[in-house]
Amino acid sequence: MPLFRPALAASGRVVVVGGGWGGLTVARQLRLLAPQLEITLLDRAPAFMSFALSNRWLVEPGAATWARHDYAQLAGRFGYRYVQAEVESIDPVRRTVASSAGQFGYDWLVLAPGIRENWSAWQVDDPKIVAELQGRYSGAMLSAADLPALKQRLANFKGGDLLLTIPPAPYRCPPAPYERAMFIAWWLKKQKIPGKLIVADPNPMMPAFRDILLSRFKDQVTYLAHSKVRSIDPAWKTVSTDIDDIRFDDALLCPPQQAADLLWRAGLIRQEEGGKDSGWAAQGASDFRSAAAPGVFIIGDAAGLVSPQFGYYPKTGQVANRMGHAVARQIAAEAGGQALDKLLPDSVCYVTSSVEPEESVRIDTSYRDRGDGFLIQAVKQTRNPNPAGEDAAWAAAMYREFIAGSAS
Ligand SMILES: Cc1cc2nc3c(=O)[nH]c(=O)nc-3n(C[C@H](O)[C@H](O)[C@H](O)COP(=O)(O)OP(=O)(O)OC[C@H]3O[C@@H](n4cnc5c(N)ncnc54)[C@H](O)[C@@H]3O)c2cc1C
């Protein structure tokens, strides 16, 4: 067997679906850790675009700091293969994925396809109406490619009621909608735009934004607590919640989020007790393996429940990146016939909580195994009254790992 393993490793094929924070990290790290493996990255899009640091840019003049990165260039730079393709299905028995660019066989498959929006929860089932709503009122939380259109829409907003709906938890980047609301409120005030931002929130409000949204920008913001959207009437520009109907002139609609379509098609969604779909993937809490499909890992925002205590890992880019590291190490160890300790994720998130005066909050989330496989989560929030570009430095360090060259 020891003689057999290197021969197997030399022909090992890894397919990575999704070139976001998770998938790009796996591809890059695996190339470093296991040069003998054949690595293929599949994504329907031609380029990576990041959400990080986009909220300020939405309301400020200037070019994007989060420019796009062509997958073909990244693949060339780091030495893995990229194929632009829509992945349609997975055959876990034959170990193949079917895509718009043909079939790909794998020994290990990493699924990092991100999220989808659940418009059915708002009683919208017609794909044409969904496409229309996404085109006219997208909250731009699904794809960073939607951000420039949202910026343009905000620039065209001359007054009236601007609705921002916050998705029910869990959703990607928990502080992002509050930070976005704060930037929009600040911009409405500064530009003296006769408009109101209506924030419909089904979750408890993030404490760091309570004072600024409820007091400092009280003329710009109407905050509706306990507001879970039940339906939408696009013709009347109205959403209905349990409490009230809300009319809008323009909107950033963010419906409930779920794991991406591919995981539903592949039957890899976790069932809750009673057989109801949880909406998110079924994978191990610390090895990210699918119990249903051997050799398959699921990482990033699509990942489902990991703990009865805290529920889900925060759906952030850094967590997706850390999961990518953990999976790359597992595959490299398996290919080399070695054992490996588990690597748990962590997350650092910088949030601007005020523009004038400038103030930010750093959120640190970390995990440890209690010793019996049960995970403990620790969250620390630190207020920074004098930010000095820590958020940009964090983003640059992250991008260095899977975009700009040097790896950790
Ligand atoms: C407004 C906003 C601000 C944010 N700011 C931060 C921040 O400051 N810091 C932070 O850490 N996180 C931030 N996040 C969260 C972060 O963007 C996500 O956590 C991260 O993108 C998750 O990475 P992922 O790899 O799971 O999925 P994604 O980045 O969504 O990548 C999924 C990829 O899979 C591809 N794909 C999906 N299905 C298929 C298929 N069937 N076939 C082919 N390709 C497919 C998609 O095209 C996409 O490229 C923010 C999010 C938002 C919305």
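From a predicted model like this one, the values you see are computed outputs, not experimental measurements.

Asks: Is there a simple way to explain the site of the ligand in this structure?
Replies: If you check the shell around the ligand, you find 33 residues, and the closest are Gly 18, Gly 20, Gly 114, Gly 300 and Gly 317. Its residues placed into classes, the shell around the ligand shows 16 nonpolar, 11 polar and 6 charged. Taken domain by domain, the shell around the ligand gets at least three of its residues from each of domain 1 (4–114 + 260–340) and domain 2 (118–256).

Asks: Would you mind showing me how to read the sheet that holds strand β23 (residues 359–369) here?
Replies: Two modes of strand pairing occur in sheets, parallel and antiparallel, and in both the strands are linked by backbone hydrogen bonds. Spatial ordering of the open sheet is given by β22-β23-β24, a layout of 3 strands whose pairing is antiparallel. Both outer strands of the open sheet, β22 (347–354) and β24 (375–384), are each paired with one neighbouring strand and no more. Along the sheet, successive strands turn relative to each other by an average axial angle of 20 degrees, direction set aside. Bridging between β22 and β23 involves 7 bridges; their strand directions are antiparallel. What sits directly across from Ser 354, in β23, is Glu 359.

Asks: Can you walk me through the environment of Pro 174 in this structure?
Replies: Tracing the sequence through the fold places Pro 174 in the loop between β11 (160–165) and α7 (176–190). You can call Pro 174 buried: it has 20 C-beta atoms within 10 Å. On a C-alpha basis, the gap between Pro 174 and Ile 403 in space is 24 Å, while along the polypeptide they are 229 residues apart.

Asks: Which parts of the structure should I look at to understand the domain arrangement of the protein chain?
Replies: Interfaces are often sized by the accessible area lost when the parts come together. For the protein chain, the domain assignment lists domain 1 (4–114 + 260–340) and domain 2 (118–256). Distance from the C-alpha centre of domain 1 to the C-alpha centre of domain 2: 30 Å. Listed per partner, the contact involves 14 residues of domain 1 and 17 residues of domain 2. Residues of the side of domain 1 that touches domain 2, tallied by class, amount to 6 nonpolar, 5 polar and 3 charged.

Asks: I'm lost on the nonpolar core in this one. Help?
Replies: Among soluble globular proteins, nonpolar side chains are generally buried collectively. Ranked by internal contacts, the top residues of the largest apolar core, which has 61 residues, are Val 110, Leu 111 and Ile 298. In terms of residue count, the dominant contributor to this core is helix α10 (residues 317–335) (9 residues). With sequence-adjacent residues up to four places away left out, Ile 298 is seen in contact with Leu 111, Leu 263, Leu 268, Ala 281, Gln 283, Phe 288, Ser 290 and Ala 303.

Asks: How do you make sense of the sheet that holds β11 when you look at a structure like this?
Replies: Spatially, β13-β12-β11-β17 is the arrangement adopted by the 4 strands of the open sheet, whose pairing is parallel. Looking at strand neighbours, the two that pair on one side only are β13 (221–224) and β17 (250–252), the edges of this open sheet. Strand-to-strand, the axes of this sheet are offset by a mean angle of 20 degrees, without reference to chain direction. Relative to β17, β11 runs parallel, the two being bridged by 3 bridges. For Leu 164, the partnering residue across the bridge sits in β17 and is Leu 252. The sheet strands contacting α7 are β11, β12 (195–200) and β13, and the helix crosses β12 at an angle near 170 degrees.

Asks: Looking at this model, I keep getting lost on the pairing of β11. Mind explaining?
Replies: Within a regular strand, side chains alternate between the sheet's two faces. Where β11 and β12 come together, 6 bridges link them in parallel fashion. Counterpart to Thr 165 in the pairing with β12 is Ala 200. In this region the chain leaves β11, passes through α7 and returns to the parallel neighbour β12; the handedness of that crossover is right-handed.

Asks: Would you mind going over the environment of Gly 20 with me for this structure?
Replies: Positionally, Gly 20 belongs in the loop between β1 (13–17) and α2 (21–33). Residue class for Gly 20 comes out buried when judged on the 28 C-beta atoms lying within 10 Å of it. In this structure, the C-alpha to C-alpha distance between Gly 20 and Phe 48, residues 28 residues apart in sequence, is 6.5 Å. What Gly 20 contacts, discounting residues up to four positions off in sequence, is Ala 112, Gly 114, Gly 300 and Ala 320.

Asks: What am I meant to see in the packing of α2 against α10 here?
Replies: Two packed helices can be described by the angle between their axes and the distance between those axes. For the pair α2 and α10, interaxial distance at closest approach is 8 Å and the crossing angle is 35 degrees. Between α2 and α10 lies a crossing of right-handed hand. On α10, the residues touching Trp 21, Gly 22, Thr 25, Val 26, Gln 29, Leu 30 and Leu 33 of α2 are Gly 317, Ala 320, Asn 321, Met 323, Gly 324, His 325, Val 327, Ala 328, Arg 329, Ile 331 and Ala 332. The class makeup of the residues in the contact of α2 with α10 is 10 nonpolar, 7 polar and 1 charged.

Asks: Which parts of the structure should I look at to understand unusual backbone geometry?
Replies: Across the chain, the bulk of peptide bonds are trans and the bulk of non-glycine residues have phi less than zero. Pro 170 follows Ala 169 through a cis peptide bond whose omega is 0 degrees. Relative to the assigned elements, Pro 170 resides in the loop between β11 and α7. Note the cis peptide between Glu 356 and Pro 357, where omega equals 0 degrees. Here Pro 357 is to be found in the loop between β22 and β23. Its identity is not glycine, yet Gln 123 carries a phi of approximately 65 degrees, on the positive side. Inspection of the secondary structure assignment puts Gln 123 in the loop between β10 (115–117) and α5 (127–137). The backbone phi angle of Lys 237 is positive, close to 45 degrees, even though this residue is not glycine. Residue position: Lys 237 is located in the loop between β14 (229–233) and β15 (238–241).

Asks: Is there a simple way to think about helix α11 (residues 390–402) in this case?
Replies: Given 3.6 residues per helical turn, the α-helix brings residues three or four places apart onto the same face. All buried positions along α11 are accounted for by Asp 391, Met 398 and Phe 402. In a view along the axis of α11, the buried residues occupy a sector of 35 degrees, so they form one face of it. Lining the buried residues of α11 we find α2, α10, β22 and β23.

Conventions adopted
Residues numbered from 1 in each chain as written. Predicted model: local features only at pLDDT ≥ 70, side-chain atom pairs only at ≥ 80, totals over all residues. Near = placed C-beta within 6 Å. Nonpolar A, V, L, I, M, F, W, Y, C, P; charged D, E, K, R; others polar. Domains from an automatic or database assignment. Pairing = 2+ DSSP bridges. Helix = DSSP H or I, 4+ residues; strand = E, 2+ residues; numbered from the N terminus. Axes fitted to C-alpha atoms, helices over the stretch in contact; angles between N-to-C directions. Buried ≥ 20, exposed ≤ 12 C-beta atoms within 10 Å, placed from the backbone. Contact = placed C-beta atoms within 7 Å. Core = buried A, V, L, I, M, F, W, Y, C linked by C-beta atoms within 7 Å. Right-handed = clockwise from strand over helix to strand, strands pointing away. Left-handed = near helix turned anticlockwise from the far one by under 90°. Arc of directions from axis to C-beta.

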